[in-house]
Amino acid sequence: MKCPCEVIRDLLALYLDDVCSKESRMLVEEHLADCTECRAYFAAMQQEEEHPEPVQDAESEWRKASSLRAVKRKVIHKQLFAAAAVVLLFAVVSAVGIGILKNTTRIVSDTKTLAVSMVDGSLVGRIYGSEYESVKIKRISVGEQAQKKEYLFYSVADTLWDAWVTAPGMLSEYMLCPKEKDAQSITAVYYYTGDVTGLENKTAEQLEKEILPHAVLLWEKDTNPIP
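Before going into details, it helps to say that this report is about the structure given with it.

Calculation rules
Residues numbered from 1 in each chain as written. Predicted model: local features only at pLDDT ≥ 70, side-chain atom pairs only at ≥ 80, totals over all residues. Heavy atoms only, no water. Helix = DSSP H or I, 4+ residues; strand = E, 2+ residues; numbered from the N terminus. Buried < 20%, exposed > 50% of the residue type's maximum accessible area, 1.4 Å probe, protein only. Contact = heavy atoms within 4.5 Å. Phe/Tyr/Trp six-rings, centres within 6.5 Å; stacked < 30°, edge-to-face > 60°.

As a further point, take the overall build of the chain. Each helix and strand counted, the chain has six helices and eight strands in total. Along the chain, helices and strands appear, N-terminal first, in the series α-α-α-α-β-β-β-β-β-α-β-β-α-β. Within the span of the chain, comprising 227 residues, buried residues form 31% of the whole. A separation of at least 24 residues holds for 72% of the contacts in the chain among residues at least 6 apart in sequence.

Shown next, in the form of structure tokens:
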């Protein structure tokens, strides 16, 4: 973006006296190379510098010094304004980025961060290195009478923000089956991110062939295989 002529002309006095920064010098030189009017303006300043008017009194000198100080103040104010704008822009971008991360949920795919255990008669799930956002649970029964088995299939979701800021050693717990709902009767708990619609209508054989190859066993009541 081309720097305005007014800004360049404010810098010309500093440039002529060789008291401006390297960045300001480069900015002035690049502008003068393209701007005929500012080159003419600068040439007039150089001519005046080479043939200055006689100093008439101390007041004239004081005015010149005040003018130089005014130019310097303008430059400093503009630099401070630019710095403040950069800081503000960074803060806005950071806030927007954090908001996106906090509102972006995902299904946890790394089962190594998950665990299930029986705690005081209730089945409790844990996720390490993040905070759970939501949990989907499907409880089904297969078989009849003495051969009846009950399984939990579940998946858990977190946010990208929680996964990013939570330390690996930190954990978040969630209830899978409370004691009051007969958690003791659950045979096994599987982590399954597929479609759970209609699982309750499948036979043990269908579960074994269609679902279990895509599920991860996280907990079981005993070592007996699924019938």
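What follows deals with the packing of aromatic side chains. Following the criterion strictly, the structure yields eight aromatic pairs and no others. Ring geometry for tyrosine 15 against phenylalanine 42: centres 5.5 Å apart, planes inclined by 65°, an arrangement best described as edge-to-face. Residue tyrosine 15 is found in helix α1 (residues 5-16), and its partner phenylalanine 42 is found in helix α3 (residues 36-50); the two are separated by 27 residues along the sequence. Summarising the burial analysis for this pair, tyrosine 15 and phenylalanine 42 share the class buried. Centre to centre, the rings of phenylalanine 153 and tyrosine 190 are 5.5 Å apart; their planes meet at 20°, and the pair counts as stacked. Taken together, the residues phenylalanine 153 in strand β5 (residues 149-159) and tyrosine 190 in strand β7 (residues 188-191) connect sequence positions 37 residues apart. Its relative accessible area of 8% is what places tyrosine 190 among the buried residues. Through a chain of ring-to-ring contacts, three or more aromatic side chains come together here, namely Tyr132, Tyr154, Tyr174 and Tyr191.

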